[in-house]
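Single-letter residue listing:
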Amino acid sequence: MTRPLDFIIFGVPRSGTKGLVRALNLHPQVYCAMERFHFSTDHSDLVFPDSFIDTRTIRDRNTIAKIKTIRKQLSKWGEIEHVGNKLPRYYFALDRINRECPRLKNIWIYRSPYGFMPSWNRREKQKRKGQWPAGQIGLFGLLELLVCIENCLNLPKDIFLFPYEQGLGQSDDIVRQALAFLGAKPSLYDGETFEATQRRKKSKRDRLEQDTSRRRLPLKDYEEELLDTLQMRDLDRIMLQGRGVMVSELAPALEDFLRRIAPVLPEALDRAFAACNNAALSSYGHEYCHRYRGELIGLCQLTAGSKALAGFQHFGIYEQLRSLYVQRWRLKRQLASVRLSRSG
């Protein structure tokens, strides 16, 4: 029997969306796919399982491989009553997608910028092939957090807020809250596997922390100054309640937070971007604002007066060529690194 999409999971990239999917998928009647659909897709046309495993119009090898994984996973599942898709940047099209699917339920996983910004910077520095564009640093992640907050507040339905560190700890209490929000029976959840998985992950993180080459990159001084200016510790206190919470409960505090940072935001961003010495920052910023120009309208209004953001929005032929050159140069370095590692 086919069914429409029941829920979506989103959150600023590097905020644990993948971990949340794996946790929810330990319920025998819940299945969430990993980025099977882009936010630009018309979600009103999606049905499960047909849309999830249909390869007729797919030519991209990565997507075909993803569909093969979904087929394999579904062959091991029982009767699925709640089906979803996770995509970190769903917040770019939250209103449209919920209009396409009026009964859709939304789960937002929140991780502090003190956690995801170093993760963005590390991924950008690692330069993995095809994984992370040059110049996509934590400052852009902070911008996306503001987009996410504003779009969640503007959505005319409630959203379940899942706290990253507290929710993906060794206790499955908040996962069970999320399952109850979806309408799944928490009593059927495989909590033992969840807790065992989290213990293994913690042990692995502890081992990696002993390897200095794998440790989290510390925030730069200008990043610390930006987060302090915007009072991001206050935001964490609002968001991290030690439990899952509905966004409607936090809405007054979040709206007040956005009002408080508005006067200082443009200049604070300009100081941070000016202090950053990443060679690819400018070209990525131009490409970023060009690619997501429709999704960033609200952010542009919130940051009106920022010279850095205004500069990124002027995407002339020179900026396009420079962006293309920077990304191609990076790809060549990635390919050379892969060949070197294989020959070694």
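These lines cover the structure that appears in this document, whether it is placed above or below. Predicted, not measured: the structure shown is a model, and the values here were computed from it.

Here we come to the pairing of strand S7 (residues 160–163). Taking every second residue as pointing to the same face, both faces of S7 are buried, with Phe 160 and Phe 162 on one and Leu 161 and Pro 163 on the other. Inspection of the sheet shows strand S6 (residues 105–110) paired to S7 by four bridges, in the parallel sense. Of the residues in S7, the one forming a bridge with Ile 107 is Phe 160. As paired elements, S7 and strand S8 (residues 245–246) share two bridges and run antiparallel to each other. Each residue of the ladder has a partner; that of Leu 161, found in S8, is Val 245.

Within the open sheet, the six strands sit side by side as S3-S5-S2-S6-S7-S8. Their pairing is mixed. Of all the strands in the sheet, just strand S3 (30–34) and S8 have a single pairing partner and so form its edges. Pairing of strand S2 (residues 7–10) with strand S5 (residues 82–86), which is carried by three bridges, proceeds in the parallel orientation. If you follow Phe 7 over to S5, its bridge partner there is Gly 84. Packing against the sheet, helix H8 (residues 173–182) makes contact with S2, S3, S5, S6, S7 and S8, and its axis sits at approximately 165 degrees to S7.

Moving on: the packing of helix H6 (residues 138–154) against helix H13 (residues 265–275). Two numbers describe how H6 lies on H13: the axes approach to 11 Å, and their chain directions differ by 160 degrees. When the axes of H6 and H13 are compared, the pair comes out roughly antiparallel. Note on packing geometry: the crossing formed by H6 with H13 is left-handed. Here Leu 139, Phe 140, Leu 143 and Leu 146 of H6 lie close against H13, whose contacting residues are Leu 265, Leu 269, Ala 272 and Phe 273. The class makeup of the residues in the contact of H6 with H13 is eight nonpolar, no polar and no charged.

Each value, and the rule that gives it
- Residues numbered from 1 in each chain as written.
- Predicted model: local features only at pLDDT ≥ 70, side-chain atom pairs only at ≥ 80, totals over all residues.
- Heavy atoms only, no water.
- Buried < 20%, exposed > 50% of the residue type's maximum accessible area, 1.4 Å probe, protein only.
- Helix = DSSP H or I, 4+ residues; strand = E, 2+ residues; numbered from the N terminus.
- Pairing = 2+ DSSP bridges.
- Contact = heavy atoms within 4.5 Å.
- Axes fitted to C-alpha atoms, helices over the stretch in contact; angles between N-to-C directions.
- Parallel < 35°, antiparallel > 145°, perpendicular 65-115°, else oblique.
- Left-handed = near helix turned anticlockwise from the far one by under 90°.
- Nonpolar A, V, L, I, M, F, W, Y, C, P; charged D, E, K, R; others polar.

Everything listed here is a matter of coordinates, which is why it stays silent on function.
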